[in-house]
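# Structural overview
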Amino acid sequence: MPASRPLLAANWKMNPLSAGAAAELAGDVLPAAREHAGRVEVALFPPFPWLLPVARVLEGTEVGLGAQDCHWEASGAFTGEVSAAMLAGWCDWVIVGHSERRIHFGEDDGMVARKAAAGLAAGLDVILCVGEREEEFVDGRTGAVIERQLRAGLEGVEARGGRRLVVAYEPVWAIGTGRNADPDHAGRTIGLIRRTLVDVLGRPGQEVRVLYGGSVNAANVASYVGLPTCDGCLVGGASLKAAEFSRMIAEVAALPRAVAAGEEAE
Ligand code: 13P
């Protein structure tokens, strides 16, 4: 059963180009986020230098703020890096293991695991990304790849996890290509992720939220968040357009959701 309030996480990647544009984008998303705050959780992930200007815009709102990466050590001689401990004072979230970091910056499963553990230890909510490459998808190896990445990424986080851990299934071939995954494929893979989570963490998989990401937009977001096992989406390109992202928030808010224990039915 998915979480009663789905999550829409906006990964801005290396965009936009200025602090002013970042603050403006955040400000333009706020009306929709505020309007639907009771039904949709929204979090924005700007590049490091725009975290502070965006934090100022989000102050006093329910919109979460996160970084796109972190280092696992708290401090030290790691030129160019930013630690989870440094982010913890003013971010709610951190993304680890995004495929762009794995592919372009050589991050392996072990590094991703250390980042996930560091993020959780620092008190951040962690989005751990997994996803198969095109050739792996074509060869029918999606399940094996996802299970390996997930088991490795969860090394050392068993005792923590819970509500503060989110897994994002992002097939590499669907990212930025306009080729969003068939919702059936996404649903099956999310099911596998949930079963693996139960196996590794030894507790009900629904405690950890699972998202889909890869060419999600206002036209297709409902086909993922409407899946019985999907708790939301990690959005790239479409989150850079305030009007489009606001439509996505409204689309998700309009979906019927499970009523969690203790919550009133509307
Ligand atoms: P797109 O939505 O641009 O395909 O990117 C997805 C993604 O990588 C989010 O982390």
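Everything in this summary refers to the structure shown in the same document. (Residues numbered from 1 in each chain as written. Predicted model: local features only at pLDDT ≥ 70, side-chain atom pairs only at ≥ 80, totals over all residues. Heavy atoms only, no water.)

## Overview of helix H1 (residues 19-35)
For H1, spanning 17 residues, the distance from its first C-alpha to its last is 25 Å, which sits close to the expected 24 Å at 1.5 Å a residue. Along H1, the largest kink reaches about 35 degrees and is centred on Val29; proline Pro31 follows within four residues of it. Where H1 is concerned, the buried positions are Ala22, Leu25, Ala26, Val29, Leu30, Ala32 and Ala33. Next to the buried residues of H1 lie strand S2 (41-45), helix H2 (51-58) and helix H10 (242-253). (Helix = DSSP H or I, 4+ residues; strand = E, 2+ residues; numbered from the N terminus. Expected span 1.5 Å × (residues − 1). Bend = angle between axes of the 7 residues up to and from the residue. Buried < 20%, exposed > 50% of the residue type's maximum accessible area, 1.4 Å probe, protein only. Contact = heavy atoms within 4.5 Å.)

## Focus: the pairing of strand S1 (residues 7-11)
In summary, the side chains of a regular strand alternate between the two faces of the sheet. Of all the 5 residues making up S1, 5 are buried; the element is thus mostly covered by neighbouring parts of the structure. Taking every second residue as pointing to the same face, both faces of S1 are buried, with Leu7, Ala9 and Asn11 on one and Leu8 and Ala10 on the other. Pairing analysis gives 5 bridges linking S1 to S2, with the strands arranged parallel. Residue Asn11 lies in a different strand from S2, and its bridge partner there is Phe45. Tracing the backbone out of S1, into H1 and back to the parallel element S2 gives a crossover that is right-handed. Where S1 meets strand S8 (residues 232-235), 4 bridges bridge the pair, whose relative direction is parallel. When the bridges of S8 are listed, Ala10 appears paired with Val235. (Pairing = 2+ DSSP bridges. Right-handed = clockwise from strand over helix to strand, strands pointing away.)

## Re the nonpolar core
Counting 73 residues, the largest nonpolar core has Leu44, Tyr212 and Phe245 as the members making the most contacts within it. Ranked by size, the runner-up nonpolar core spans 12 residues in total, among them Cys129, Val166, Leu211 and Leu234. (Core = buried A, V, L, I, M, F, W, Y, C linked by side-chain atoms within 4.5 Å.)

## Observations concerning the sheet that holds strand S3 (residues 64-67)
Read around the closed barrel, 8 strands run S1-S2-S3-S4-S5-S6-S7-S8, paired in parallel fashion. Here the average twist between neighbouring strands, direction ignored, is 25 degrees. Contacting S2 and S3, H2 crosses the sheet at an angle of about 170 degrees to S3. (Axes fitted to C-alpha atoms, helices over the stretch in contact; angles between N-to-C directions.)

## Some remarks on the environment of Gly123
Structurally, Gly123 can be placed in the loop between helix H5 (109-121) and strand S5 (125-130). For Gly123, a relative accessible area of 46% gives the class partly exposed. In this structure, the C-alpha to C-alpha distance between Gly123 and Asp92, residues 31 residues apart in sequence, is 8.1 Å.

## Observations concerning the pairing of S8
Going residue by residue along S8, you find Gly232 and Leu234 tucked away on one face and Cys233 and Val235 tucked away on the opposite face as well. Examined bridge by bridge, strand S7 (residues 209-213) and S8 share 2 bridges and lie parallel to one another. Considered in S8, the bridge of Gly213 is made with Leu234.

## A word on the environment of Val40
Among the secondary structure elements, Val40 is positioned in the loop between H1 and S2. Each C-alpha atom of the pair Val40 and Glu62 lies 10 Å from the other, and the pair is 22 residues apart in sequence. Among all residues touching Val40, those that are not within four sequence positions of it are Arg5, Pro6, Leu8, Ile249, Val252 and Ala253.

## Here we look at helix H8 (residues 183-201)
The α-helix winds at 3.6 residues per turn, so residues separated by three or four positions along the chain end up facing the same way. The end-to-end C-alpha separation of H8 is 26 Å, in line with the 27 Å expected for 19 residues at 1.5 Å each. Where H8 starts, the residue carrying a side-chain oxygen 2.7 Å from the main-chain nitrogen of Asp184 turns out to be Asp182. Immediately downstream of H8, the backbone of Gly202 shows phi near 65 degrees, a positive value. (Polar contact = N/O pair within 3.5 Å; in protein donor to acceptor, adjacent residues only side chain to side chain.)

## Here we look at the site of the ligand
Near the ligand you find 13 residues, and of these Lys13, His98, Gly176, Ser215 and Gly237 are the closest. In this structure, Lys13 approaches the ligand through a side-chain N or O atom, which is 2.8 Å from an oxygen atom. In this structure, an oxygen atom belonging to the ligand sits 2.7 Å away from a main-chain N or O atom of Ser215. Computed on the free molecule, the ligand has an accessible area of 310 Å², of which 95% lies beneath the protein chains in the complex. Classifying every residue of the shell around the ligand gives 4 nonpolar, 7 polar and 2 charged. (Near = heavy atom within 4 Å. Areas by Shrake-Rupley, 256 points an atom, 1.4 Å probe, with all protein chains shown as cover. Nonpolar A, V, L, I, M, F, W, Y, C, P; charged D, E, K, R; others polar.)

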